[in-house]
Amino acid sequence: MSAPLLVIAAGGTGGHMFPAQALAELMLTRGWRVKLSTDARGARYTQNFPREVEIEQVGAATFARGGLSAKVIAPFRIGGGVAAAVTRMMRDQPSVVVGFGGYPSIPALSAATILKLPRMIHEQNGVLGRVNGLFARRVHAVACGTWPTALPDGVEAIHTGNPVRRAVLDRSGAAYIPPGDYPMSVLVIGGSQGARILSDVVPPAIAELPAELRRRVRVSHQAREEDVQRVSTYYADEGIDADVQTFFADVPTRMSEAQLVICRSGASTIADLSVIGRPSILVPFAAAAADHQTANARGLVDAGAAIMFPESKFHVTTLSQRIALVLGNSDGAMRMAHAARDTGVPDAAERLAGVVERLADGQKGTDS
């Protein structure tokens, strides 16, 4: 008998792809075959997926970006992707299809619905994304990473937490070195695309720190490509030791070594912070759909593990004061680190895998 097949469908951002990768890694160890259905944008995140995962690029499109012609073409591209997914699933029938959100998950979830295959979605954020909202009533199970998650009336969900990659799990519970009279690391990350507001506000805020504190700070700063040179130059002119790049391949390592993390509050970032356990200053992306990044941040803030700034109040002097508050208080920073860890769900991938396996055993061949 051939191994059961899991089809994972995910959109082209790290927020969707990282938990998809975590589930893929675990299901392979449980004897499953795994295929990933994504688009060209998502394929950029697959370099760290296990080699055993078969990558299928699908025809997908979004109604949220592009001009009028792109919006007119979108239904036809999506329809073609659905037809291709139906053909593939008839040829190699999956035991379960899991959608992680994003427009590229539409073809696989639609095909599974047409073929009446066991199917589920996983929502990473505190508010359902557009695509997951579309399928919430058409799947056999809804798993949520952030709890509570706002759901449509009548839809019940299972709290699994957000799965994190093996590189993050390997640093779960890594000892936190509190701030002190030695070099201290500050990690600045703005999601998969960086964040201009962090590049505008964080460097001068660090420059405003008291001289005795500033001389001990070492910065790892992720910036947009167009901002790298000016940010690097600013830090250098201020005599601040900084490594500025567009992308850090070793974020889990840098996070585990940091005394403070300044970042957006995407679901994967929140999961990484809580599993590793680090103090943070969170700046939710103001334009995020339904303000879901604010919802994501609430758990860490309410636990006393993070300080949250709305973009409208994210100013240089105020930020500098908050950075000094954390880096100048060893005991307080340690309490924040412990509080972050207490909110973590390091076994989220196992919880999600359990839902997948129960779905395969109990609902195969039924329709919702």
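Everything discussed here concerns the structure shown above.
Residues numbered from 1 in each chain as written. Predicted model: local features only at pLDDT ≥ 70, side-chain atom pairs only at ≥ 80, totals over all residues. Heavy atoms only, no water.

**Student:** It is not clear to me how the overall build of the protein should be interpreted in this structure. Could you clarify?
**Tutor:** Helices and strands together make up the secondary structure of the protein, namely 15 helices and 13 strands. What you see for the protein is a C-alpha radius of gyration of 21 Å, in line with the 21 Å of a compact globule of 368 residues. Its C-alpha atoms put the protein at 65 × 45 × 40 Å along the principal axes. Taking all 368 residues of the protein together, the buried fraction comes to 56%. Within the protein, residue pairs in contact and separated by at least 24 positions form 67% of the contacts whose partners lie at least 6 positions apart. (Helix = DSSP H or I, 4+ residues; strand = E, 2+ residues; numbered from the N terminus. Rg over C-alpha atoms; globule rule 2.2 N^0.38 Å. Buried < 20%, exposed > 50% of the residue type's maximum accessible area, 1.4 Å probe, protein only. Contact = heavy atoms within 4.5 Å.)

**Student:** Sorry if this is basic, but what is going on with helix α7 (residues 196-207) here?
**Tutor:** What sets the pattern is the α-helix's 3.6 residues per turn: residues three or four places apart point alike. In this model α7 runs 18 Å from its N-terminal to its C-terminal C-alpha over 12 residues, within 8% of the 16 Å that 1.5 Å per residue would give. Those residues of α7 lying buried are Ile197, Leu198, Ser199, Val201, Val202, Pro203, Pro204, Ala205, Ile206 and Ala207. Those residues of α7 that are buried are in contact with β8 (184-189), α8 (211-214), β9 (217-222), α9 (228-237), β11 (260-263) and α13 (316-327). (Expected span 1.5 Å × (residues − 1).)

**Student:** Got a minute to help me understand the side chain of Gln293 in this structure?
**Tutor:** Topologically, Gln293 is positioned in helix α12 (residues 292-302). On the accessibility criterion, Gln293 (10% relative accessible area) is buried. Separated by 2.9 Å, the side chain of Gln293 and the backbone nitrogen of Phe285 make a polar contact. Residues within four places of Gln293 in sequence aside, it is in contact with Arg264, Ser265, Gly266, Val283, Pro284, Phe285 and Ala288. (Polar contact = N/O pair within 3.5 Å; in protein donor to acceptor, adjacent residues only side chain to side chain.)

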